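Tertiary structure, described
The chain contents come next:
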Amino acid sequence: MTPTAEPAQGNHRATYREVLAEPRFRLLFSTRTVAITADALRITTFSVLVFSATGSALLSALAFGIGFIPQMFGSLLLGSLADRLPPRALVTGGYALTCAAALLLALVRMPIAASLGVVALVSLATPVFHGASSRLVAQSLEGDAYVLGRSLNNVAASGAQLFGLALGGAVVAALGPHRALAVSAVLYLGCALAVRIRLPRLLPGEFGGTPGSARGDGGAVRASLHGAGLLLRGRTVRRLMLAQWLPTAFVAGAEGLIVAYAGGRHFAPGWYAVLMGCLPVGMLVGDLLVGRLLLPPTRERLVVPLIALMGLPLVGFAAEPGEGVSSCLLLLCGFGFAYGLGLQRPFLDALPQDGQGQGQAFGLLGSGSMTLQGVGPACFGSVAAVIGTGGAIALAGGAAALTAGWILTWHPPTSPVLVPNYSTGSENGTEQHACSSPAQ
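These numbers come from a predicted model, not from an experiment.

Concerning the packing of aromatic side chains
Taken as a whole and judged by the stated rule, the model has five aromatic pairs. Seen in terms of ring centroids, Phe25 and Phe29 are 5.6 Å apart; in terms of plane orientation they differ by 20°. Their pairing is stacked. Separated by four residues within a single helix, Phe25 and Phe29 lie in helix α3 (residues 23-54), roughly one turn from each other. There is no split in this pair, since Phe25 and Phe29 are both buried. Judged by centre distance (5.0 Å) and plane angle (90°), the rings of Trp406 and Trp410 are edge-to-face. Judged by its relative accessible area of 29%, Trp406 is partly exposed. Chaining the aromatic ring pairs together yields one cluster made of Tyr261, Phe267 and Phe317.

Structure below.
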């Protein structure tokens, strides 16, 4: 894919059938969907296990979020491995490692600190595995097919999270938390075997990079820090990453207060689960409609309005609405998550087109988002102690809406945007022409 494609090609709207016809994407899509179900099952079960062992709400919350925050450190220290090692080995190894961690938690009675450490260590390596998988998807799908592939992943992720949460409650009730963790391990093992058997063995130079990148010019940590520095110093890439990180982090901060809000407003028992389910339902509907019905340029022009749609409904929580209104506001907020589809093509176009460094870029993008989503609830939870949960949720929504205003201040450059050249370490290697979207 090149950013200087002909207008007809740039306006081409792909179909989900076209995307699913690509064998590599189909394999990675199906295994990732199963893995997300396993993630939801493992995370909620581990949180239940820690709470039942300690009775501490703080440790239970820490168990829920311990897999998020370390990912940024893993991306900074190990992210270059996504470009230096064969993708099949990385993706298979990622699922196998997570399977082993889930089995360890299920079978070995460890101190709580040790079990938290196991989950944190696995999360350090997660950006490497996800970066390799995302890079392979970007090399397998072109143009609007890549954007629709991301849309399918988002839709499947929302559905898999809902199913995983429901499955977690049922399996824990039927089998207990330790056996439920074993079930998640079996799901991870199935994903690892499927990728190992069905994904062709590709060397780094065969999936978009250069053979020399597999050797590198230094250790993995040094190369990872150098590559991350180049990515974050490039204004275009940095802006596009922040545009994808910040709104979701603010909404995650609001999401972390839903249970407390429902309790403080004395909603019916269990209604908090309905409220928490409204966000992924809205996300699913938004991705389907925006991804399938709109042309690529239209999606890119709607980035700012959709980010505003994420934030502004949450401002309504300042009035402390009841169950019905709160549900509608969260549905609208979830719909706004489709803004990410308008940023996928500009972000991919801003990366080096020889494929070098793309795996680390995708890993950094995902790990930064996950880390900030772990930090957001802690920040706005602290604010809620001062101004109340409704006010804190509204403040989070206002912050998301301000991000939309910040994107409006981006001005198209008068000359082609320059992004880092990863082979020389300079900032003036590969020219990328600005896209005609708000996310430039």
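On we go.
Regarding the side chain of Ser369
Here Ser369 lies in helix α19 (residues 358-387). Apart from the residues lying within four places of it in its own chain, the contact partners of Ser369 are Trp245 and Thr248.

Description of a nonpolar patch on the surface
Taken together, the side chains of Ile69, Phe73, Leu77, Val221, Leu225 and Val375 present a nonpolar region at the surface, about 480 Å² in accessible area. Contributing elements (two or more residues each) for the nonpolar patch: α5 (70-78) and α11 (220-233). Relative to the elements of secondary structure, Val375 occurs in helix α19. Classification of Val375 by relative accessible area gives partly exposed; the value is 31%.

Considerations on unusual backbone geometry
For His266, which is not a glycine, the phi torsion comes out positive at approximately 60°. Checked against the element boundaries, His266 lands in the loop between α13 (258-264) and α14 (271-293). Its relative accessible area of 72% is what places His266 among the exposed residues. Even without being a glycine, Glu320 presents a positive backbone phi close to 50°. Within the secondary structure, Glu320 sits in the loop between α16 (303-315) and α17 (323-335).

A closer look at empty space enclosed by the protein
A complete count under the given rule lists two cavities of 30 Å³ or more for this structure. Taken as a whole, the second largest cavity encloses approximately 30 Å³ of empty space. The wall of the second largest cavity is formed by Val251, Ala254, Glu255, Ile258, Leu279, Leu314, Leu330, Cys333 and Ile393. For the lining of the second largest cavity, the secondary structure elements donating two or more residues are α12 (235-255) and α17. With three residues, α12 is the single largest residue contributor to the lining of the second largest cavity. Tallied by class, the residues present in the lining of the second largest cavity amount to eight nonpolar, no polar and one charged.

Some words on the environment of Leu364
Topologically, Leu364 is positioned in helix α19. The spatial distance from the C-alpha of Leu364 to the C-alpha of Gln71 is 8.7 Å, given a sequence separation of 293 residues. Beyond its immediate chain neighbours, meaning those up to four positions away, Leu364 contacts Met72, Ser75, Leu76, Leu231, Leu232, Met241 and Trp245.

Things to note about the environment of Thr92
Tracing the backbone shows Thr92 in helix α7 (residues 87-107). Overall, the relative accessible area of 13% leaves Thr92 in the buried class. Taking the C-alpha atoms as reference points, Thr92 and Ala192, separated by 100 residues in sequence, lie 4.7 Å from one another.

Considering α17
Helix length check: α17 (13 residues) gives 19 Å between terminal C-alpha atoms against 18 Å at 1.5 Å per residue, within 8%. In this structure, the buried side of α17 is in contact with α12, α13, α14 and α16.

Topic: the pattern of salt bridges
Counted under the stated rule, the structure contains five salt bridges. A salt bridge links Arg32 to Asp39; the shortest N-O distance between them is 3.5 Å. With a relative accessible area of 18%, Asp39 lands in the buried category. In this structure, Arg345 and Glu300 form a salt bridge, with 2.8 Å as the shortest nitrogen-oxygen distance. Taken together, the residues Arg345 in helix α18 (residues 341-350) and Glu300 in helix α15 (residues 296-301) connect sequence positions 45 residues apart.

Concerning the packing of helix α9 (residues 144-175) against helix α10 (residues 177-198)
For the pair α9 and α10, the least separation of the axes is 7 Å and the interaxial angle reads 130°. Judged by the inter-axis angle, α9 sits oblique to α10. When the axes of α9 and α10 are compared, the crossing they make is right-handed. Listed contacts from α10 to Val171, Val172 and Leu175 of α9 are Pro177, Arg179, Ala180 and Val183. Looking at the contact of α9 with α10 residue by residue, the class counts come to six nonpolar, no polar and one charged.

With respect to the confidence of the model for the protein
Put simply, the protein has an average pLDDT of 79, and 83% of its residues get 70 or more. Ranking the elements of the protein by mean pLDDT puts strand β2 (residues 426-432) last with 33 and α16 first with 95. Low pLDDT, under 50, characterises residues 1-9; the predicted model gives this stretch 14 contacts beyond four residues in sequence or across chains. For residues 209-217, every residue scores under 50 in pLDDT, and the model assigns this stretch 18 contacts once sequence neighbours within four places are set aside.

Some thoughts on the nonpolar core
Core analysis: the biggest nonpolar cluster contains 79 residues, and Tyr146, Leu314, Leu330 and Phe347 have the highest contact counts within it. For Leu330, the residues in contact, after removing those within four places along its chain, are Ile258, Leu275, Cys278, Leu279, Leu314 and Phe317.

Reading guide: rules and limits
- Residues numbered from 1 in each chain as written.
- Predicted model: local features only at pLDDT ≥ 70, side-chain atom pairs only at ≥ 80, totals over all residues.
- Heavy atoms only, no water.
- Phe/Tyr/Trp six-rings, centres within 6.5 Å; stacked < 30°, edge-to-face > 60°.
- Helix = DSSP H or I, 4+ residues; strand = E, 2+ residues; numbered from the N terminus.
- Buried < 20%, exposed > 50% of the residue type's maximum accessible area, 1.4 Å probe, protein only.
- Contact = heavy atoms within 4.5 Å.
- Patch = residues over 30% accessible without salt bridge, like charges linked within 9 Å, V, L, I, M, F, W, Y side chains within 5 Å.
- Areas by Shrake-Rupley, 256 points an atom, 1.4 Å probe, with all protein chains shown as cover.
- Salt bridge = Lys/Arg side-chain N within 4 Å of Asp/Glu carboxyl O.
- 1 Å grid on protein atoms, 1.4 Å probe; cavity = no way out; pocket = protein on both sides within 12 Å on 5 of 7 lines; lining within 4 Å.
- Points joined across faces, edges and corners; volume = space filled by probe spheres on them.
- Nonpolar A, V, L, I, M, F, W, Y, C, P; charged D, E, K, R; others polar.
- Expected span 1.5 Å × (residues − 1).
- Axes fitted to C-alpha atoms, helices over the stretch in contact; angles between N-to-C directions.
- Parallel < 35°, antiparallel > 145°, perpendicular 65-115°, else oblique.
- Left-handed = near helix turned anticlockwise from the far one by under 90°.
- pLDDT = per-residue confidence, 0-100.
- Core = buried A, V, L, I, M, F, W, Y, C linked by side-chain atoms within 4.5 Å.

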